[in-house]
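This is what each chain is made of:
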Amino acid sequence: MDLFVIIYGLNAHFMGGVEDNEPPSKRVKASSRELKGVSNGLKEPATYSFGASMARPLASQGDNEVTGSKGVKKVEFVRIIAEALYSLGYSKTGACLEEESGIPFQSPPVSIFIQQVLDGNWDGSIATLHKIGIMDESIIKSASFIILQQKFFELLDREKLMEALKTLRTEISPLSINSDRVRELSFFILSPKFRITGVSGQQSVKLKARSEILEELQNLLPPTVMIPDRRLLQLVEQALDLQREACLFHNSDVGETSLFTDHQCGRDQIPSQTIQILQEHQDEVWYLQFSQNGKYLVSSSSDNSAIIWEVGSDGKVSLKHRLIGHRRPVSSISWSPDDDQILTCGIEEVVRRWDVTSGACLHVYEKGLLGLVSCSWSPDGKCVFSGLTDKSIIIWNLDGKEMECLKGQKTIKNSDLQITSDGKLIITMCKETTILLIDRESRCERCIEEQQMIVSFTLSRDNKCLLVSLVNEELHLWNIENHIRLVAKYKGHKRSRFIVNACFGGVEQAFIASGSEDSQVYIWHRGPGELIETLEGHSGAVNCVSWNPVNPHMLASASDDRSIRIWGLKQLRSKQKGKGKSVSNNGVHYCNGATI
Amino acid sequence: MGRLFLVALEAKIYSCKYCKTHLALCDDIVSKSFHCRHGKAYLFSKVANVTIGVKEDRMMMTGLHTVAGIFCVKCGSIVGWTYETAHEKNQKYKEGKSVLERFKLSGPDGSSYWVSHEAQIIRSEQEV
């Protein structure tokens, strides 16, 4: 609807303000005179110039007339508006525009050509094809091939074998292109079972609709001859994409973009205010992670325990279960694919599997005298992966039966362990400066080499990118899809002694967040790499951050000050009143019973 | 403090005398003839698990140097110093390398070093 209003507005603009209530005939006459006068400051139509593959002249006035200040050619502009009107179904208005502007949407030969293809007048369409004015011979041949191939199939469909053969020999063959395809076509004549229903795996010989053929031709012919469908809409969508990409703080849903103003989110879309402080751990909080469905949060502490928290529908986080049992601090946690179970790994100790609903420990995984250093679920939920102190990676089934052990220098004691959600790659650090990507099927290994030692890494949700935290206070973003390449660097946070974790987050994971030894949370925009927020509040190093995958406005941070902070959008002070009120420069916040 | 990022070294290791954190490898010793207030000190081409303090200019027996103290990442005790810049041409080889005081280290065989009486009398830092 927006699109139509804009086009109508543009239409009126062109006509230089001619009254709407004048009878049509008068309007036409007036407008043709008006047009010559409305020249946008340029001279009268210049001499017409012809590109190598352009179509015949369409407009009576010069094709070089421009509108706006960026060289947009008026003839092209009007033509794509006409195309937009036709695809929206407003053919009367489209025809009206053509008449008023004197700019035909398509040259007459092209209109005839389109009609001939849709009518199945193949010979006619070939003849017209030569009259359209395409300079490139190979395009004419390819287009002829498509048309004649369709003619061939339609003849076969009507069981007219002799005519089909004649077409193949006298019309298709002489084009001298696609000789492999020509040979395949001859098989179709010879063998009845290769016909229309299509048996031979690769060649699906379903008779294509004529509109499909038209689309193929449209893609083949130069766009100046046949304007691509919905071209104006495509341009508008490109503009919206560019605006969204440029929007630094964009963290809201796509549906909120309007065509009437440029898209620009305010800083208020990033979580930047402490909403809640959770103080249930007895010692430093080292790690935390939201579940995939955003309903739970798990945190672990140097007090050897882990806590499962529940995120209420009102956004308030409350304690659900304490997971007691480990004898070392838990350094690695993994949510099961459907978020109903959790794996925790004590540092160089054992891996425990817990049920989220009951909080019960379902299984303990260990390997003799070796210590376990990391843990991860397989994406199908059936296996448990774990790194060992002897540098190998072990795979158990849920009952603890050892399925496989990847020996050799596969993982080091400090290493994280991640499996891509499609189950294809195992990601681990095999050396202090090297990340190893192991393909589970082919056993093929790729590497990411860094110059500095790696502290930790995180995988993006779409499995395409790896965020690597280094000792020199830099975060590196690597694309691991096909060619491994460095995409971006993020700097500003402080790290000199501890393991500090970073994460992806926000709508479409467009942001990067990291903890820091200066007690703040740092947030960057992923694309430009620009630091956009530092969140103050903690009174100790922030060791880990996690962004709620389902609620882009909720961020959690874990700190040496023994607390977890939940961050949300800045709200007006008057809205926040509750129990446990206390004053701080972050506004009023809830506390779990204790006063600050 | 948070979860310490500690690098594990392999082979013959010198560790922090107080907390056993790995600091350097025997193979990385460049020179054993350095001296400090507490006696012997070794020059290493690289060290691990240390944090670097504030840079300062110091006049030593061999000339003016810009150095910074280095501290064990775990227990925070000072274990030596690192050379940032050497202002004399023939001392340039020290740049980027670090000196660990033998007194602060536990050797590869677990042995410690005890300062001799004469060394304690020396007040200023010296090197050869």
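Residues numbered from 1 in each chain as written. Chains lettered and ligands numbered in written order. Predicted model: local features only at pLDDT ≥ 70, side-chain atom pairs only at ≥ 80, totals over all residues. Heavy atoms only, no water.

Now for the packing of helix α3 (residues 74-88) of chain A against helix α11 (residues 231-246) of chain A. Residue and element names in this part refer to chain A. Look at α3 against α11: their axes get within 7 Å of each other, and the N-to-C directions meet at 105°. As summarised for this structure, α3 and α11 are arranged roughly perpendicular, according to the angle between their axes. From α3, I80, I81, E83 and A84 reach across to α11, where they touch R231, L232 and L235. The class makeup of the residues in the contact of α3 with α11 is 5 nonpolar, no polar and 2 charged. (Axes fitted to C-alpha atoms, helices over the stretch in contact; angles between N-to-C directions. Helix = DSSP H or I, 4+ residues; strand = E, 2+ residues; numbered from the N terminus. Parallel < 35°, antiparallel > 145°, perpendicular 65-115°, else oblique. Contact = heavy atoms within 4.5 Å. Nonpolar A, V, L, I, M, F, W, Y, C, P; charged D, E, K, R; others polar.)

In a beta sheet, neighbouring strands pair by backbone hydrogen bonds and run either parallel or antiparallel. Residue and element names in this part refer to chain B. Read across the sheet, 3 strands follow the order β2-β1-β9 without closing on themselves; strand pairing throughout is antiparallel. Unpaired on one side and paired on the other, β2 (22-25) and β9 (105-106) mark the two borders of the sheet. For strand β1 (residues 13-16) and β9, the ladder comprises 2 bridges, and the chain directions are antiparallel. Pairing of C16 across the sheet is with L105, part of β9. (Pairing = 2+ DSSP bridges.)

Here the focus is the sheet that holds strand β18 (residues 434-439) of chain A. Residue and element names in this part refer to chain A. If you walk across this open sheet you meet the 4 strands as β16-β17-β18-β19, and the pairing is antiparallel. Looking at which strands have only one partner, the edges of the open sheet turn out to be β16 (417-419) and β19 (445-449). Strand-to-strand twist across the sheet, computed as the mean angle between neighbouring axes with direction ignored, equals 25°. Strand direction decides the pairing type here: strand β17 (residues 425-431) and β18, joined by 6 bridges, are antiparallel. Looking at the pairing, K431 lines up with T434 of β18.

Residues and elements named next belong to chain A. All chains considered together, the criterion is met by 17 salt bridges over all chains. Residue R322 is joined to E280 by a salt bridge in which the shortest nitrogen-to-oxygen separation is 2.8 Å. Of this pair, R322 sits in strand β7 (residues 317-323) while E280 sits in the loop between β3 (273-278) and β4 (285-290), placing them 42 residues apart in sequence. Exposure remark for R322: the relative accessible area of 34% places this residue in the partly exposed category. (Salt bridge = Lys/Arg side-chain N within 4 Å of Asp/Glu carboxyl O. Buried < 20%, exposed > 50% of the residue type's maximum accessible area, 1.4 Å probe, protein only.)

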